[in-house]
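# Tertiary structure, described
So you can see what is in the structure, the chains are spelled out below.
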Amino acid sequence: MHYLFIIFIGLFAWSGLFFADPSAAGINSSPNDSTSSDCSEPITWRIGSIDQRFDLNKDDLRRIMKDVRNLWSDAANRTLIQYSDSGEVAINLIYSENQKFTENEQQLSGQIKKMRHNYFSMRTKYQRRSVEFQRQLKSYNQIFSEYAEIVNEYNLRLSRLTNSGIVSRNDDEKLKNLKKQMEFLEKKLNPLEEKLNTEEGKLNQLSEKLNAYADEVNEFIYQYRNRFGQVRTFHQGIYINVGNQKKINIYQFENLNKLRLVLAHEFGHALGLNHTDNPASIMNYNMQFQLDESLKLSDDDRDAIQNRCHPLIE
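Rules used in this analysis
Residues numbered from 1 in each chain as written. Predicted model: local features only at pLDDT ≥ 70, side-chain atom pairs only at ≥ 80, totals over all residues. Heavy atoms only, no water. Helix = DSSP H or I, 4+ residues; strand = E, 2+ residues; numbered from the N terminus. Buried < 20%, exposed > 50% of the residue type's maximum accessible area, 1.4 Å probe, protein only. Areas by Shrake-Rupley, 256 points an atom, 1.4 Å probe, with all protein chains shown as cover. Axes fitted to C-alpha atoms, helices over the stretch in contact; angles between N-to-C directions. Parallel < 35°, antiparallel > 145°, perpendicular 65-115°, else oblique. Left-handed = near helix turned anticlockwise from the far one by under 90°. Contact = heavy atoms within 4.5 Å. Nonpolar A, V, L, I, M, F, W, Y, C, P; charged D, E, K, R; others polar. pLDDT = per-residue confidence, 0-100. Core = buried A, V, L, I, M, F, W, Y, C linked by side-chain atoms within 4.5 Å. Disulfide = S-S within 2.5 Å. Pairing = 2+ DSSP bridges.

### Description of the overall build of the protein chain
- From N to C terminus, the protein chain includes 6 helices and 8 strands.
- When the elements of the protein chain are put in sequence order from the N terminus, they spell out β-α-β-α-β-β-α-α-β-β-β-α-β-α.
- Per-residue burial over the protein chain gives 41% buried out of 314 residues.
- Just so you have it, the protein chain exposes about 18100 Å², and 46% of that area is on carbon and sulfur atoms.

Structure, rendered in structure tokens:
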């Protein structure tokens, strides 16, 4: 009897995409054009247009902008950004091909996560059944080992008696006793063997199903990496100051935390700040290492805004 066991399937790992941040290549005003040198007057902003496909309303944007305002204003110890119905900087959310790309990426990523969850649930079930099968197989092998020893002893005694041609009462009783033990153990082994054969078949089917599902997950991961795994620069947002028109256009964001990060970055430009080399800074040109869930300025960001605006000393 042959028992085939666990085939461990390794799934490809995949990581989030590297998104280059907005203003790496865009039309940004120079610091001297954006605000006064001492930031004596706050920049006012207003809501321009919001494409409905973003599933974002004006109240959501106001809440996000409250965080952005506090982020920069607290660092300078004065109000730097303020809402006004007639604000000088209009915020527009423009649905672009980049946003479609992001939503497709999120959809496929979510599908893969769900499939991976299902795969690991299936594998856990398989492993539990395999452990139980191994326990039953161990019990079977112990009984079979005992049975084999008795069969071997029976055959040896029978061979010696056959060769000698003399059978004593004691030898006869011993043979009968051994035969009874053999028959008793056979009655135990037969249903166990049948049960093991059935369970082996189920395990092999589950193993095939598990491997087939792993192939399916890996195919989705391959598609994901092929479509979204390449380094791609997104201009998620941009601050524009042309003539008398100032605006921040947002073209793409993954979630509200990312939108808040992009707006914080673009309002940094509106306040007159340039990019920094610190990868953890809000004003770095790449969005990769910033903590968007707990948005905060780096020391470089804080120094830049304080040098720009000369914070009040209480």
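### Brief notes about the packing of helix H2 (residues 58-76) against helix H5 (residues 256-270)
- Relative to each other, H2 and H5 sit at 50°, their axes nearing to 9 Å. Viewed along their axes, H2 and H5 adopt a mutual orientation that is oblique. Considering how the two elements wind past one another, H2 and H5 form a crossing that is right-handed. Side by side, H2 and H5 meet where Leu 61, Ile 64, Met 65, Asp 67, Val 68, Leu 71 and Trp 72 of the first sit next to Leu 256, Leu 259, Arg 260, Leu 263, Ala 264, Phe 267 and Gly 268 of the second.
- Broken down by class, the residue content of the contact of H2 with H5 amounts to 11 nonpolar, 1 polar and 2 charged.

### A closer look at unusual backbone geometry
- Although it is not a glycine, Asp 55 adopts a positive phi angle of roughly 55°.
- Of note, the phi angle at Asn 77 is positive, near 60°, even though the residue is not glycine.
- Mapping Asn 77 onto the fold places it in the loop between H2 and strand E3 (81-83).

### Notes on the confidence of the model for the protein chain
- Summarising the model, the protein chain shows a mean pLDDT of 80, and 81% of its residues fall at 70 or more.
- Across the protein chain, the element-wise mean pLDDT spans from 34 in strand E1 (residues 19-20) up to 96 in E3.
- Counting contacts from residues 1-36, a segment whose pLDDT is below 50, to residues more than four positions away or on other chains yields 128 contacts.

### Observations concerning the nonpolar core
- One finds Met 65, Trp 72, Leu 80, Ile 81, Leu 263, Phe 267 and Ile 305 to be the most contacted residues of the largest nonpolar core, which totals 40 residues.
- Going through the elements one at a time, strand E2 (43-50), H2, strand E4 (89-93), strand E7 (245-250), H5 and helix H6 (299-309) are the ones with two or more residues in this core.
- By residue number, the principal contributor to this core is H2, which donates 8 residues.
- Among all residues touching Trp 72, those that are not within four sequence positions of it are Leu 80, Ile 81, Ala 264, Phe 267, Gly 268, Leu 271, Leu 273, Ile 282, Met 283, Leu 297, Asp 301 and Ile 305.
- Within the second largest apolar cluster, 29 residues are counted, among which are Leu 161, Leu 175, Leu 185 and Val 217.

### Description of the state of the cysteines
- In the structure shown here, the tally under the stated rule is 1 disulfide.
- What pairs with Cys 39 in a disulfide is Cys 309, and their sulfur atoms sit 1.9 Å apart. One disulfide, between Cys 39 and Cys 309, carries an S-S torsion of -60° and so falls in the left-handed class. You can see Cys 39 sitting in the loop between helix H1 (31-34) and E2 and its partner Cys 309 sitting in helix H6, a full 270 residues away along the chain.
- Take Cys 309: its relative accessible area is 0%, and that puts it in the buried class.

### Brief notes about the pairing of E7
- Bridge analysis of E4 against E7 gives 5 bridges, and the strand direction is parallel. When the sheet's bridge partners are listed, Val 89 is paired in E7 with Lys 246.

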